[in-house]
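# Chain and residue survey
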Amino acid sequence: MSPTLVILAAGMGSRYGGLKQMDPLGPQGQTILDYSIYDAHRAGFGTIVFIIRRDFAEAFRARIQHNAVIHAGMDVHYVMQDVKELPGGFTAMTGREKPWGTAHAVWCTRHVVNHPFAVVNADDFYGADAFRQLAQFLRAAQVNSHEYALVGYRLGQTLSEHGTVARGVCKVDESGNLVSIEEQTALALDPAGGARSTKSDGSSRQFPAETVVSMNCWALTPAVFPQLETHFTTFLRSHSGDMKSECYLPSVLGKLLAVKQASVRVLTTEARWCGVTYQADKPGVQAALKALHNAGEYPEKFAG
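Residues numbered from 1 in each chain as written. Predicted model: local features only at pLDDT ≥ 70, side-chain atom pairs only at ≥ 80, totals over all residues. Heavy atoms only, no water.

### Structural notes on the overall build of the chain
Heads up, the condition is: A run of H or I in DSSP becomes a helix once it reaches four residues, and a run of E becomes a strand once it reaches two; helices and strands are each numbered from the N terminus. For the radius of gyration, the atoms used are the C-alpha atoms, and the globule rule reads 2.2 Å times the number of residues raised to 0.38. When checking whether two residues touch, look at their non-hydrogen atoms; a contact exists if any pair is within 4.5 Å. To be clear on the numbers: accessible area is Shrake-Rupley with a 1.4 Å probe, and residue cover counts the displayed protein chains and nothing else.
In terms of regular secondary structure, the chain is built from 7 helices and 13 strands. For a compact globule of 304 residues, the expected C-alpha radius of gyration is about 19 Å, and the chain comes in at 18 Å, within 12% of that figure. Principal-axis analysis of the C-alpha atoms places the extent of the chain at approximately 50 × 45 × 45 Å. For the chain, the share of sequence-separated contacts (at least 6 apart) that also reach a separation of at least 24 residues comes to 76%. Of the roughly 13,700 Å² that the chain leaves accessible, carbon and sulfur atoms contribute 48%.

### Side note on the pattern of salt bridges
Just so we agree on the cut-off: Every case where a carboxyl oxygen of Asp or Glu lies within 4 Å of a side-chain nitrogen of Lys or Arg is listed as a salt bridge. Three exposure classes are used, based on accessible area relative to the maximum for each residue type with a 1.4 Å probe and protein chains only: buried under 20%, partly exposed in between, and exposed over 50%.
Applying the stated rule across the entire model yields 11 salt bridges. Between R53 and D55 there is a salt bridge, and its shortest N-O distance comes to 3.0 Å. For R53, a relative accessible area of 8% translates into the label buried. Here D55 falls in the exposed class, since its relative accessible area comes to 59%.

### Here's the deal with unusual backbone geometry
Note: most peptide bonds trans; most residues except glycine with negative phi. One non-glycine residue, N216, adopts positive backbone phi at about 60°. Checked against the element boundaries, N216 lands in strand 11 (residues 212-220). One non-glycine residue, K260, lies in the positive phi region at around 60°. Inspection of the secondary structure puts K260 in the loop between helix 6 (249-258) and strand 12 (263-267). For K260, a relative accessible area of 76% corresponds to the exposed category.

### Comments concerning the nonpolar core
Rule in force here: Nonpolar cores are built from buried Ala, Val, Leu, Ile, Met, Phe, Trp, Tyr and Cys residues. Side-chain atoms within 4.5 Å join them into one set.
Counting residues in each nonpolar core, the largest one holds 56 residues, and the members touching the most others are L5, I7, I37, F45, F50 and Y126. With 7 residues, the top contributor of residues to this core is helix 1 (residues 32-43). Aside from chain neighbours lying at most four places away, what touches I7 is L33, I37, I48, V49, F50, I51, V120, N121 and A122. Counting 41 residues, the second-largest nonpolar core is a separate cluster that includes L8, C108, I181 and V264.

### What to know about the packing of aromatic side chains
Defined as follows: Side-chain rings of Phe, Tyr and Trp (the six-membered ring for Trp) are treated as a pair once their centres are within 6.5 Å; stacked means planes under 30 degrees apart, edge-to-face means over 60, and tilted covers the remaining angles.
Enumeration over the complete set of coordinates arrives at 16 aromatic pairs. Seen from their ring centres, Y126 and F131 are 6.3 Å apart, and the 80° between their planes marks the pair as edge-to-face. For Y126, a relative accessible area of 0% puts it in the buried group. A residue is classified by how much of its surface remains accessible, and F131, at 1% relative accessible area, is buried.

Encoded structure:
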């Protein structure tokens, strides 16, 4: 079976000030999402599952229906990330609008994803090689296997000059396996090089530019769904009444690694990541995408 691509597109873009997944950034008005669809198609993915929210579902579907690659034969499914869809009889606090995070988003696809699958963010540009690496790993994966993978990027290439970013900081062993992953939600460029994370108590921690980080570019199997439900249920016991707390996919997978209930292979790639966390990041991303077109990496027009 051709692998499935799950695209996380339900984020609210609070730091960006709008829906990044719908913003035209390519030379012909392509969104970053269009590039992921194009790269996934040529890497051999046959199905795409979009995780979205109901409040922009109609506009999102209308935009996707104009994507030429989608009409080239890919199967498409839409899954709503509903804050009220919770396991174990839990209920969300009245008035909560913010999605429950990436672990919950992936768990919401459990009824439509039946084969090994990749997970990516809708608003991150991962590069064609990342999708080739994911597809190659997934074609050999077993449906019930707890052997997963992620595409790792260098921290120094994933920072913003305009504010803090959230990244999953990875520790990788000599064999290329993930040992641990730690979610850092406020990484800023360090004038001395690399990045620095500062906590509310004023303490800080420095990370070298070469540190491997996760950009939510994962290769998983359906065996992860029960694991996600178990850990998300534990999360809800403490946070079901919160308005903004989120359960992150890297955090759950890190916990699975710690108790040896999963293994994660770190796939290396020469692809360069780019993305927009803030509006001020936009010109740089537009220039990077235009350069890729000029270099022949992408045709002049392939979507829209």
